[in-house]
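# Structural description and commentary
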Amino acid sequence: MKSLIIFKSIHHNNTEKIANAIGFVLQAKLSKLSEVKPSNLQGFDLIGFGSGVYGASLDKDLFTFVNALQKVNDVNAFVFSTSGGGEEKNNWKLMDALSKKGFNPIGQFACKGLTTWGPFKLFGGRNKGRPNQTDFENAKKFAETMKNKV
Ligand SMILES: Cc1cc2nc3c(=O)[nH]c(=O)nc-3n(C[C@H](O)[C@H](O)[C@H](O)COP(=O)(O)O)c2cc1C
């Protein structure tokens, strides 16, 4: 099974760390969003898309990238994110955008990540030490479920 993970992680590399944990299990190729072209998506059985949450949304460039893709035929995909709140609902909009492009979204993962954004920097940050060992274990378990679904 060939897997690709595309991510954007600009605040504290939180999402990149989760991408690495998922990618380790899937033996995936990891690509920064800024380095990937639509043609690079060809030939993969499973593609993961992830970013931090910035202003209540996954990174806007991720949406621009997905919305500009040509339609695919039932390629398995998943979405992952890290954020201050760690809620899965942050992933829903990108899952939807992927469906509209013909992807088959088979799962999503979310966890908390350190943030020093806005007022949090005054207190040394929120979610110190996150993602932590438990988050990485959960990300790896999630990757196992993705592997079993493809
Ligand atoms: C400009 C900015 C806006 C953010 N907005 C939100 C937000 O709306 N909701 C939230 O839960 N976290 C928010 N965060 C926290 C980040 O989502 C969190 O730190 C995330 O783990 C960053 O991922 P990264 O290190 O991969 O970039 C924000 C952080 C930044 C820098």
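Higher on the page you've got the structure.
Anyway, here's the lowdown on the structure attached to this text. In this text, all values refer to a predicted model and were calculated from it rather than measured experimentally.

## Some points on the overall build of the protein chain
In terms of helices and strands, the protein chain carries four helices and five strands. Counting from the amino terminus, helix and strand elements in the protein chain follow one another as β-α-β-β-α-β-α-β-α. Here the C-alpha atoms of the protein chain give a radius of gyration of 15 Å, agreeing with the 15 Å that 2.2 N^0.38 yields for 150 residues. By its C-alpha atoms, the protein chain is 45 × 30 × 25 Å across when sized along the principal axes. By residue count, 49% of the 150 residues in the protein chain fall in the buried class. Pairs at least 24 residues apart make up 74% of the contacts formed inside the protein chain by residues separated by at least 6 positions. Per element, the accessible surface of the protein chain, about 7,800 Å² overall, is 51% carbon and sulfur. For the protein chain, the centre of its 21 positive side-chain charges and the centre of its 12 negative side-chain charges are spaced 4 Å apart.

## Points about the pairing of strand β5 (residues 104–112)
Of the pairings in the sheet, the one linking strand β4 (residues 76–83) to β5 comprises eight bridges and is parallel in character. In the sheet register, V79 faces β5, and the bridge partner there is Q108. In this view, the connection linking β4 to its parallel neighbour β5 by way of helix α3 (residues 92–100) has right-handed handedness.

## Some remarks on the environment of K29
Relative to the assigned elements, K29 resides in strand β2 (residues 29–32). For the pair K29 and G85, spaced 56 residues apart in sequence, the C-alpha to C-alpha distance is 28 Å.

## Focus on the side chain of T115
By the element assignment, T115 lies in the loop between β5 and α4 (133–149). Here T115 falls in the buried class, since its relative accessible area comes to 8%. A distance of 3.1 Å separates a polar side-chain atom of T115 from the backbone nitrogen of W117. Each residue touching T115, except ones within four places of it in the same chain, is listed here: H11, H12, G84, F120, G125 and R126.

## Looking at the site of the ligand
For the ligand, the set of nearby residues contains 20 residues, the closest of which are S9, T15, V53, Y54 and T82. Here H12 contributes a backbone N or O atom positioned 2.7 Å from an oxygen atom of the ligand. T15 has a polar side-chain atom sitting 2.6 Å from an oxygen atom of the ligand. One can see that the ligand is located within the largest pocket. For the shell around the ligand, the elements supplying multiple residues, two or more each, are α1 (14–26) and β4.

Rules of the game
Residues numbered from 1 in each chain as written. Predicted model: local features only at pLDDT ≥ 70, side-chain atom pairs only at ≥ 80, totals over all residues. Heavy atoms only, no water. Helix = DSSP H or I, 4+ residues; strand = E, 2+ residues; numbered from the N terminus. Rg over C-alpha atoms; globule rule 2.2 N^0.38 Å. Buried < 20%, exposed > 50% of the residue type's maximum accessible area, 1.4 Å probe, protein only. Contact = heavy atoms within 4.5 Å. Areas by Shrake-Rupley, 256 points an atom, 1.4 Å probe, with all protein chains shown as cover. Lys, Arg positive; Asp, Glu negative; His and termini not counted. Charge placed at Lys NZ, Arg CZ, Asp CG, Glu CD. Pairing = 2+ DSSP bridges. Right-handed = clockwise from strand over helix to strand, strands pointing away. Polar contact = N/O pair within 3.5 Å; in protein donor to acceptor, adjacent residues only side chain to side chain. Near = heavy atom within 4 Å. 1 Å grid on protein atoms, 1.4 Å probe; cavity = no way out; pocket = protein on both sides within 12 Å on 5 of 7 lines; lining within 4 Å. Sits in = over half its atoms within 2 Å of the grid points.

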